[in-house]
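Tertiary structure, described
So you can see what is in the structure, the chains are spelled out below.
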Amino acid sequence: MTEPSATFLLFGATGDLARRMIFPSLYNLLSDGLLPDDFMIVASGRSEMDDAAFRSQVDDALRQFLATDRYDEEVAARFGTMIAYQPVDAGNADQFAALATRIDGRLERGLSVYLSTPPSLFAPTAQGLADAGLITPHTRIAMEKPIGKDLASSKVVNDGIGHLFAEDQIFRVDHYLGKETVQNLLALRFGNVMFEPLWNTTAIDHVQITVGETVGLEGRVSYYDGVGALRDMVQNHILQILSIIAMEPPARMDPTAVRDEKVKVLRSLRPMTDETVKTHSVRGQYTPGAVSGQIVTGYADELGQPSDTETFVALKAYIDNWRWQGVPFYLRTGKRMPARQSEIVIQFKPVRHSIFGRDGHGTGLEPNTLVIRLQPEEYIRLAIMSKRPGLERQVKLDEVTLDVSLTAAFAGQRRRIAYERLILDLLAGDQTLFVRRDEVEAQWTWIDSIIDGWKEANVKPAAYSSGNWGPSSAIALIERDGASWHD
Ligand code: BG6
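Below, the structure is looked at part by part.

**Quick look at the pattern of salt bridges**
Inspection of the entire model under this criterion finds 39 salt bridges. Among the ionic pairs, Arg 437 bridges to Asp 159, the shortest N-O distance being 3.0 Å. Remark: Asp 159 occurs in helix H6 (residues 151-162) and Arg 437 occurs in helix H15 (residues 437-457); sequence separation between them is 278 residues. Of the residues examined, Asp 159 reaches a relative accessible area of 43% and is grouped as partly exposed. Residue Arg 436 pairs with Asp 438 through a salt bridge whose shortest N-O separation is 3.0 Å. Among the residues examined, Arg 436 registers a relative accessible area of 12% and is labelled buried. Asp 438 gets classed as partly exposed once you look at its relative accessible area, which sits at 24%.

Quick look at the structure:
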């Protein structure tokens, strides 16, 4: 790792992500004294405006999106003085030259570029940077998803950046990796002795990963339609969680060791076919209904026309390696679910032999369950068996839970925005929590097999009323195997 970059150059600075996440995160880093002295933020967008006008927009965004106790007039004023605004249209060499003038004399101390623009602008922007002399060995570039719509288009995006930057200068953002709870999966698995010996097909029956959202389209029609839940959520966030849950222990916490292990898992995902998609996948689309007591409209109504895009997907995945042979990973995510709830469930197998009557029958004996709740609350809950107090000759068992509320255990610690961690790591040049090109490609390879299967088998989204956990076929997907979703 080198000295942190002294300059942060943001493309797409007038966009929603910048207002909601990136500027509030940078502000929080400044407020906690984590930015280098003499730090400069160069913001760029297509609109023409001067520094003062842009600074005032940022100030509005901070007031709107920072936690109420975080906004401080003095820090906000200092933050404003760090920001310069430069209008840039991809392909406009004069504007890139003007941008270079803004950064003049600072390149040696490191430049972190952040692309928060549509991916079609990634390559032209990188080219503009190259032509303006802004790419040096001290330049890094971060990019937001989506990186392509399939494997082929992701290669085009990666090639576009890759011919100007080396892989160790490229930081692909998956904001789930910036979440404290996702990083905590590494601590849970590899910082404790008791989980790892059981973390395999011998003791685990199946794994569930759920990322439920209550929101609908949120005005993102133009992006979301034609993309859908599989590409929007599974291709990146859910597969990243899966890879951390399933990977072998890395030798150390460094970018190469961690990402080498993750990519092995992603490459071991069993591809789907036009046959297996029929039983191993469910697509859904929300129709009108009620979420948290509010009446909401359906996807097609929000869109203004019928569509074949799925807003829900449930999958039964297999990882074909030694550790996970025969263990299904049930994955599901959707919009307009009954609750915003992301969690991982590790369902253990029954005890090998019950001493409490035949198979524990009639005694209440149940297999153990470990629930790792990622959001909105953060907890780890282990359901274990305990004797029900009483004098019955036949022992009766009840499930009790070992509960660790991370929110309570670390009360008083501010919950950070995922982007704070990621921006700090980008500035420092640490790629551990960023996605390497081979990971993206392994992710797309598996997703493409599902999309191809859907096309060949003509699998269309089934309707589900908003406020439900997807169509009934999603329940059948897991219940056929004698298990059920942990709702
Ligand atoms: C984004 C998706 O990547 O993640 C959105 O494009 C989704 O559709 C969002 O709503 C969910 O992120 P979070 O942090 O709110 O769980």
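**A short note on the environment of Gln 347**
Checked against the element boundaries, Gln 347 lands in strand E13 (residues 341-348). The class for Gln 347 is buried, based on a relative accessible area of 16%. Remark: the alpha-carbon pair of Gln 347 and Pro 250, spanning 97 residues in sequence, is separated by 24 Å. The contacts of Gln 347, once residues within four sequence positions are left out, are Ile 204, Asp 205, His 206, Pro 367, Asn 368 and Thr 369. Within polar-contact distance, the side chain of Gln 347 engages the backbone oxygen of Asn 368 at 3.1 Å.

**Describing the nonpolar core**
Judged by nonpolar contacts, the single largest core of 139 residues is most densely connected at Phe 8, Phe 23, Phe 79, Phe 329, Ile 344 and Trp 446. Looking at this core, the element that brings in the most residues is helix H9 (residues 228-246), giving 11 residues. Beyond its immediate chain neighbours, meaning those up to four positions away, Phe 329 contacts Val 207, Leu 242, Ile 245, Ala 246, Leu 315, Lys 316, Ala 317, Ile 319 and Trp 324.

**A short note on the side chain of Thr 181**
Mapped onto the fold, Thr 181 is located in helix H7 (residues 180-190). For Thr 181, a relative accessible area of 6% translates into the label buried. Residues in contact with Thr 181, not counting those within four places in the same chain, are Arg 373, Leu 374 and Glu 378.

**Observations regarding the site of the ligand**
Near the ligand, the surroundings consist of Lys 145, His 175, Tyr 176, Lys 179, Glu 213, Arg 220, Asp 232, Met 233, His 237, Lys 335, Arg 340 and Gln 375. Lys 179 has a polar side-chain atom sitting 2.6 Å from an oxygen atom of the ligand. At a separation of 2.7 Å, an oxygen atom of the ligand approaches a polar side-chain atom of His 237. Across the complex, the protein chains shield 82% of the 400 Å² of accessible surface that the ligand would expose by itself. At three residues, H9 tops the list of elements feeding residues into the shell around the ligand.

Calculation criteria
- Residues numbered from 1 in each chain as written.
- Predicted model: local features only at pLDDT ≥ 70, side-chain atom pairs only at ≥ 80, totals over all residues.
- Heavy atoms only, no water.
- Salt bridge = Lys/Arg side-chain N within 4 Å of Asp/Glu carboxyl O.
- Helix = DSSP H or I, 4+ residues; strand = E, 2+ residues; numbered from the N terminus.
- Buried < 20%, exposed > 50% of the residue type's maximum accessible area, 1.4 Å probe, protein only.
- Contact = heavy atoms within 4.5 Å.
- Polar contact = N/O pair within 3.5 Å; in protein donor to acceptor, adjacent residues only side chain to side chain.
- Core = buried A, V, L, I, M, F, W, Y, C linked by side-chain atoms within 4.5 Å.
- Near = heavy atom within 4 Å.
- Areas by Shrake-Rupley, 256 points an atom, 1.4 Å probe, with all protein chains shown as cover.

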